[in-house]
Amino acid sequence: MLTVLMDDEIVLFDLLDVSIVKHRSIGDETYFSIYPIIEGYLVHGELSILRLDKDFQRVWSFYGSDIWVIQDGNRAAFCIENDQILLEDWNGVKYALNMDGKLLWDTYNK
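Let me begin by describing the structure that accompanies this report. Given the structure is predicted, the values throughout are model-derived calculations rather than measurements.

**Some words on the sheet that holds strand 7 (residues 58-63)**
Here we have four strands laid out as an open sheet, ordered 4-5-6-7, and antiparallel in their pairing. A single partner strand is all that each edge strand has here, and the edge strands are strand 4 (31-37) and strand 7. Going from strand to strand, the sheet's axes swing by 15° on average, the running direction of each strand aside. Relative to strand 6 (residues 48-53), strand 5 (residues 40-45) runs antiparallel, the two being bridged by five bridges. Across the sheet, the residue bridging to Tyr41 is Leu52, located in strand 6.

**Some points on the environment of Ile26**
Tracing the backbone shows Ile26 in the loop between strand 3 (19-25) and strand 4. Sequence separation between Ile26 and Asp8 is 18 residues; the distance between their C-alpha atoms is 5.6 Å.

**A short note on the sheet that holds strand 2 (residues 9-14)**
Ordered by their spatial adjacency, three strands build an open sheet running 1-2-3, and the pairing between neighbours is antiparallel. Each edge of the open sheet carries a strand with a single partner, namely strand 1 (2-6) and strand 3. With direction set aside, neighbouring strand axes in the sheet form an average angle of 20°. Inspection of the sheet shows strand 1 paired to strand 2 by five bridges, in the antiparallel sense. Within strand 2, the residue paired with Leu5 across the bridge is Ile10.

The rules behind each value
Residues numbered from 1 in each chain as written. Predicted model: local features only at pLDDT ≥ 70, side-chain atom pairs only at ≥ 80, totals over all residues. Heavy atoms only, no water. Pairing = 2+ DSSP bridges. Helix = DSSP H or I, 4+ residues; strand = E, 2+ residues; numbered from the N terminus. Axes fitted to C-alpha atoms, helices over the stretch in contact; angles between N-to-C directions.

Here's what the structure looks like:
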C-alpha cells in the first residue's frame, strides 16, 4: 500500500494490483505533508494541523495564530517528538500538542 498526499487529496494505492483503495478530499487549503501514526495520520497544512483516522476522516484539527510556515529556513515548522506535535507559526509562536490534539503549551502571550 502507498498513501499519497496531493495538495488537499489523499489517495491510498494498492501497488500489487495497481488500484486505488481509498480517495478523499480533506479540506480547502494547501497541505504540505502526511505522517502515518497509530490508528491514522497527521497532516501538516498551511493553516491547520489535522489528525485523520485510517479512513481519512477528520478526528481533530488545530489552528495557530498564522500559517504553519516559519521565516527561518533552518528550522521546521512541524515536528513529532516523544508523542508530542511541536509547531511554530509565521508569527514565531510555538506550540506543543499531544496526539489527541490538546494544547500542552504555547508561547503566544509570553
